[in-house]
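# Coordinate inspection notes
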Amino acid sequence: MESSNFRAQGQLVAGFLAGSWRAKQAPLDISLSDLELITTLLYNSGGAGLAWWRIRESDLKTTPSGELLHQGYRLQALQTSINEARIATAYRLLRAAGIEPILVKGWSAARFYPHQTLRAYGDIDLVVRPAEYAAAREALKQDEAGAWWVDLHQSLSELDDRPFEALFERSQTVALNDLSVRVLSDEDHLAHLAIHLFK
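Okay, so let's go over this structure. Within each chain, residues carry numbers counting from 1 in the order of the written sequence. Restriction of local features to residues with pLDDT of at least 70 applies here, the model being predicted, together with a cutoff of 80 or more for giving and counting side-chain atom pairs; totals for whole chains, interfaces and linings are based on all residues. Side-chain numbers come from the whole structure's heavy atoms, not from hydrogens or water.

Where helices and strands are cited, they refer to DSSP runs of H or I of at least four residues and of E of at least two residues respectively, numbered from the N terminus. Across its full length, the protein chain carries 9 helices and 5 strands. Scanning the protein chain from its N terminus toward the C terminus, one meets helices and strands in the order α-α-α-α-β-α-β-α-α-β-α-β-β-α. Summarising its shape, the C-alpha atoms of the protein chain cover approximately 55 × 35 × 30 Å along the three principal directions. Three labels apply to residues, based on accessible area from a 1.4 Å probe with only protein chains included: buried if under 20% of the type maximum, exposed if over 50%, partly exposed otherwise in between. Residue burial in the protein chain is summarised as follows: out of 199 residues, 44% are buried. In the protein chain, 71% of the contacts between residues at least 6 apart in sequence involve partners at least 24 apart. Throughout, a contact is declared for two residues whenever any of their heavy atoms are within 4.5 Å.

Shown next, in the form of structure tokens:
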């Protein structure tokens, strides 16, 4: 019985969130009782931002479930702002040490959403050349918190069939507020996320 309830909730979540990351969405088709069934799951899984985006222009936004999802969206917005400041700090420290990192996952994926708040993420994933890894760890230690909020990599196991220099040559710089950050090429980014998901 429990597995069938879980499956039913999963189907509700999938149907409700389908296309929610797009700027133009399909008409909303969920009852208040169904939304109430999945609100806690959405909130606890990091899906509150997408869920709020889905109901923000409907009557459901004023319900208790709507208010909870709106609160989750606000918390994600705050976390996004904090993470963007952390990215800027990490880039400042690493570039001062002559190291150019590539930002992967997290904000790098969130930038494709209509609003970056819609994709929740925690730490900052940066990849550097293997020869620069030790120096990069030292550079990040200049910020007291840097040791715990930056997940520093010297390779990407998901893309181990591609030499780092090839990844770097194909990478691109994009704007994050007034900062230019380096991210994977769109092809490498998609491959990295897809393989990471399957793993």
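Moving on, we come to the packing of aromatic side chains. Stacked, edge-to-face and tilted labels apply to pairs of Phe, Tyr and Trp rings (six-membered ring for Trp) whose centres lie within 6.5 Å, assigned for plane angles under 30 degrees, over 60, and everything in between, in that order. Within this structure, the stated rule accounts for 1 aromatic pair. Seen from their ring centres, Phe164 and Phe168 are 6.2 Å apart, and the 35 degrees between their planes marks the pair as tilted. Within this pair, Phe164 and its partner Phe168 are both found in helix H8 (residues 164–170), separated by 4 residues, close to a single helical turn. Phe168 shares its class with Phe164; the two are buried. Of note, Arg56 hangs over the ring of Trp53, and the distance from its end group to the ring centre comes to 3.8 Å. Sitting above the plane of the Phe168 ring, Arg129 keeps its charged end 4.1 Å from the centroid. Remark: a charge is flagged as sitting over a ring if the NZ atom of Lys or the CZ atom of Arg is within 6 Å of the ring centre and within 35 degrees of the ring normal.

Attention shifts here to the nonpolar core. Counting residues in hydrophobic clusters, the biggest one holds 24 residues, and the most contacted among them are Ile87, Leu103, Trp107, Ile124, Leu126, Val150 and Val181. For this core, the secondary-structure elements that each account for two or more residues are helix H4 (64–96), helix H5 (106–110), strand E2 (124–127), helix H6 (133–140), strand E3 (150–153), strand E4 (172–176) and strand E5 (179–183). For this core, the element with the most residues is H4, which contributes 5 residues. With near-sequence residues (within four places) excluded, Val150 lies in contact with Ala90, Ile124, Leu126 and Leu140. Judged by nonpolar contacts, the second largest core, of 17 residues, contains Leu35, Ile38, Ala51 and Ile55. The term nonpolar core refers to a set of buried residues drawn from Ala, Val, Leu, Ile, Met, Phe, Trp, Tyr and Cys, joined through side-chain atoms within 4.5 Å.

Criterion for a salt bridge: a side-chain nitrogen of Lys or Arg within 4 Å of a carboxyl oxygen of Asp or Glu. Applying the stated rule across the entire model yields 10 salt bridges. Here Asp161 ties to Arg162 by a salt bridge, and the two come within 3.4 Å at their closest N and O atoms. When the shortest N-O distance is used, the salt bridge between Arg170 and Asp188 registers 2.9 Å. With Arg170 in helix H8 and Asp188 in helix H9 (residues 186–198), this residue pair connects regions lying 18 residues apart in the sequence. Judged by relative accessible area, Asp188 falls into the buried class, the value being 0%. Connected via shared salt-bridge partners are Asp161, Arg162, Arg170 and Asp188.

Another point: the packing of helix H2 (residues 32–44) against H4. Running from N to C, H2 and H4 point in directions that differ by 20 degrees, and their axes come no closer than 10 Å. On the basis of their axis angle, the class for H2 and H4 is roughly parallel. As for how H2 packs across H4, the hand of that crossing is left-handed. On the side of H2, the interface is formed by Leu35, Glu36, Thr39, Leu42 and Tyr43, while H4 contributes Ser65, Leu68, Leu69, Gly72 and Leu75. Inter-axis angles, ranging from 0 to 180 degrees, are taken between N-to-C directions of lines fitted to C-alpha atoms, where helices are fitted over the stretch in contact. Angles are sorted into four bins: roughly parallel if under 35 degrees, roughly antiparallel if over 145, roughly perpendicular if 65 to 115, and oblique for all others. Two helices that cross are described as forming a left-handed crossing if the nearer one is turned anticlockwise from the farther one by less than a right angle, and a right-handed crossing if clockwise.

For the rest of this paragraph, the subject is the pairing of E5. The element E5 is extensively covered by neighbouring structure, given that 4 of its 5 residues are classed as buried. Any two strands between which DSSP finds at least two bridges are classified as paired. Bridge count for E4 against E5 is 5 bridges, and the pairing is antiparallel. What sits directly across from Gln172, in E5, is Val183. From the end of E4 to the start of E5, which pair antiparallel, there are 2 residues, and Asn177 there has a positive phi angle of about 55 degrees.

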